[in-house]
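# Report on the structure
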Amino acid sequence: MRFASQTLARKAKFAFAGQARKLAGYLAPMDAALDDVFIDEISFPATDGYALTGTLFLPRGTKRHAVLINSATAVPRKIYRGFASYLAHRGCAVLTYDYRGIGDSRLPAMVGYNQPKSLVGFKASMSDWAALDVTAAVRWMRERYHGLELAYIGHSFGGQALGLIANNTEISRAALVASQAATWRLMTSPEKYRVFAFMNFVGVPLVHALGYAPGWAGIGEDLPKGVFLQWAEWVSNPRYLFDSKLPALDNFAKYKGELRALCFSDDPWATRPAVELLTSGFTAIKPEVLTVKPSDVGAKGIGHFGFFRPDRRDTLWRGVAEWIQGE
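Residues numbered from 1 in each chain as written. Predicted model: local features only at pLDDT ≥ 70, side-chain atom pairs only at ≥ 80, totals over all residues. Heavy atoms only, no water.

## So, the overall build of the protein chain
Looking only at helices and strands, one finds 9 helices and 10 strands in the protein chain. Burial status across the protein chain gives 58% buried among its 327 residues. Accessible surface computed for the protein chain: about 13700 Å², of which carbon and sulfur atoms make up 54%. (Helix = DSSP H or I, 4+ residues; strand = E, 2+ residues; numbered from the N terminus. Buried < 20%, exposed > 50% of the residue type's maximum accessible area, 1.4 Å probe, protein only. Areas by Shrake-Rupley, 256 points an atom, 1.4 Å probe, with all protein chains shown as cover.)

Structure (structure tokens):
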């Protein structure tokens with residue numbers, strides 16, 4: 001079993017290979033930007049009582065807006081630290097948080113020092129993340145900052161979750177960043193073939209062998225088995241999650257706030273057709289989809305994660321901040 005798992009892991013490196021390495025590079029330059037905001041590490045209950053961990057970023061002056069940042073799959077909240085700090089500096093109360101099984105919302109082990117508990121046997125799916133975790137985060141922000149308009153930032157899966165939550169009516173504006181209906185068919189070549197092969201011929205067997213999806217396979221954070229298997233199923237569907245039979249899909253039509261979706265021309269996963277497929281689910285509104293080229297912001301590349309780099313502060317960050325603040 002161990003030899004088979006190691007063999008699958010070596011094969012897994014050809015897809016998602018750079019994700020963890022790319023994300024690690026986003027952390028070091030950010031701390032200098034945090035000096036002018038208040039930061040509070042918090043815990044709040046999901047709708048089923050599971051304890052979720054988050055970070056609250058508050059401006060020193062008057063709070064004018066509330067903003068919830070919702071993570072991509074297998075991405076911990078610390079990746080959004082710089083952007084959250086920037087928004088707080090502009091007068092926003094901002095919450096970042098980890099979904100169950102991710103980052104600090106993963107239970108600690110009973111033995112060992114600062115070790116996370118194994119995800120083997122951990123029950124969670126992507127639809128659970130939306131129904132139990134994202135729903136609770138929206139509710140927590142709405143109750144705490146009931147006098148402020150609530151804006152929603154969704155990165156990749158975080159944007160997909162907007163259409164799945166029953167309380168999306170509480171959100172006034174939503175900015176989706178590289179968020180798409182992530183069927184492999186709408187990814188660029190040859191990336192789409194690598195993703196399809198990884199998900200079906202490497203990832204799924206590896207998850208069944210180990211009982212969870214290991215981050216060391218190149219996907220970022222460890223993922224619960226149910227999360228990865230549902231993700232793999234959706235990726236294989238022609239219309240991603242829209243081909244599932246989730247009752248929560250009815251919530252897409254409930255959202256009636258403003259929606260702007262950003263896609264980046266060099267992102268192999270969230271291509272414009274994939275972004276447009278996701279936004280087509282919001283039938284009660286007319287979402288705005290914008291394509292950004294790296295040259296538009298003086299960058300060599302943006303891709304799926306590059307929006308959150310600190311050097312996007314005066315370009316992409318500023319544009320989204322002004323839009324969610326109605327400026």
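There's plenty left to go through after this.
## Regarding the nonpolar core
The biggest cluster of nonpolar side chains holds 109 residues, and the ones touching the most others in it are Leu 87, Tyr 152, Leu 223 and Phe 307. For this core, the element with the most residues is helix H4 (residues 126-144), which contributes 9 residues. If near-sequence neighbours (up to four positions away) are discounted, Tyr 152 is found in contact with Leu 68, Asn 70, Val 134, Val 138, Gly 158, Ala 161, Leu 162, Ile 165, Ile 171, Arg 173, Ala 174 and Ala 175. (Core = buried A, V, L, I, M, F, W, Y, C linked by side-chain atoms within 4.5 Å. Contact = heavy atoms within 4.5 Å.)

## What about unusual backbone geometry?
Cis geometry is found at the peptide bond from Ser 189 to Pro 190, where omega equals 0°. Within the element layout of this structure, Pro 190 appears in the loop between strand S6 (173-177) and helix H6 (191-210). Positive phi outside glycine occurs at Ser 156, with the angle close to 55°. Tracing the chain through its elements places Ser 156 in the loop between strand S5 (150-155) and helix H5 (157-162). Residues other than glycine seldom take positive phi values, yet Ala 178 does so here, at roughly 50°. Its location among the elements puts Ala 178 in the loop between S6 and H6. Ala 178 gets classed as buried once you look at its relative accessible area, which sits at 0%.

## Let's talk about the packing of helix H3 (residues 81-89) against helix H9 (residues 313-324)
Between H3 and H9, the least distance of the axes is 11 Å, while the angle of their chain directions is 55°. With respect to each other, H3 and H9 are oriented oblique. Here H3 runs over H9; the crossing is right-handed. Here Gly 82, Phe 83, Tyr 86, Leu 87 and His 89 of H3 lie close against H9, whose contacting residues are Arg 313, Trp 317, Arg 318, Val 320, Ala 321 and Ile 324. Looking at side-chain class alone, the contact of H3 with H9 contains 7 nonpolar, 2 polar and 2 charged residues. (Axes fitted to C-alpha atoms, helices over the stretch in contact; angles between N-to-C directions. Parallel < 35°, antiparallel > 145°, perpendicular 65-115°, else oblique. Left-handed = near helix turned anticlockwise from the far one by under 90°. Nonpolar A, V, L, I, M, F, W, Y, C, P; charged D, E, K, R; others polar.)

## A look at the packing of H6 against helix H7 (residues 225-236)
Remark: H6 packs on H7, axes separated minimally by 10 Å, with the N-to-C direction vectors making an angle of 155°. The orientation of H6 relative to H7 falls into the category roughly antiparallel. Where H6 crosses over H7, the handedness of that crossing is left-handed. Residue-level inspection shows Val 195, Phe 196, Phe 198, Met 199, Asn 200, Gly 203, Val 204, Val 207 and His 208 of H6 in contact with H7, the latter providing Lys 225, Phe 228, Leu 229, Trp 231, Ala 232, Val 235 and Ser 236. Its residues assigned to classes, the contact of H6 with H7 shows 11 nonpolar, 4 polar and 1 charged.

## Some remarks on H7
The end-to-end C-alpha separation of H7 is 17 Å, in line with the 16 Å expected for 12 residues at 1.5 Å each. Residues of H7 that are buried include every one of Val 227, Phe 228, Gln 230, Trp 231, Ala 232, Trp 234, Val 235 and Ser 236, and no others. Structurally, H7 contributes buried residues whose contacts are with H4, H6, strand S7 (212-213) and strand S8 (223-224). (Expected span 1.5 Å × (residues − 1).)

## A look at the pairing of S5
With 6 of its 6 residues buried, S5 lies for the most part within the structure. Across the two faces of S5 the burial is the same, with Leu 150, Tyr 152 and Gly 154 and Ala 151, Ile 153 and His 155 all buried. Pairing between strand S3 (residues 65-70) and S5: 5 bridges, direction parallel. Residue Leu 68 lies in a different strand from S5, and its bridge partner there is Tyr 152. Here S5 pairs with S6 via 5 bridges, running parallel. Note that in S6 the partner of Ala 151 across the bridge is Arg 173. (Pairing = 2+ DSSP bridges.)

## Let's talk about the packing of aromatic side chains
One pass over the structure, following the stated rule, counts 24 aromatic pairs. For the pair Phe 83 and Phe 308, a centre-to-centre distance of 5.9 Å together with 70° between the ring planes defines the contact as edge-to-face. Here Phe 83, found in helix H3, pairs with Phe 308, found in the loop between strand S10 (288-292) and H9; they are 225 residues apart in sequence, far enough to count as distant. Grouping aromatic residues by their ring pairs yields a cluster made of Tyr 80, Phe 83, Tyr 86, Phe 264, Phe 307, Phe 308 and Trp 317. We note Arg 60 situated over the ring of Phe 38; from NZ or CZ to the ring centre the distance is 4.6 Å. Taking the ring centre of Trp 323 as reference, the NZ or CZ of Arg 173 above it sits at 4.9 Å. (Phe/Tyr/Trp six-rings, centres within 6.5 Å; stacked < 30°, edge-to-face > 60°. Lys NZ or Arg CZ within 6 Å of the ring centre and 35° of its normal.)

## Some points on the pairing of S6
Taken residue by residue, a regular strand's side chains alternate between the two faces of the sheet. Most of S6 is tucked away, with 4 of its 5 residues classed as buried. As a crossover connection, the stretch from S5 through H5 into S6 is right-handed. Across 5 bridges, the pairing between S6 and strand S9 (residues 258-264) is parallel. Among the inter-strand pairings, Ala 175 is bridged to a residue of S9, identified as Arg 260. (Right-handed = clockwise from strand over helix to strand, strands pointing away.)

In short, geometric facts, not functional conclusions.
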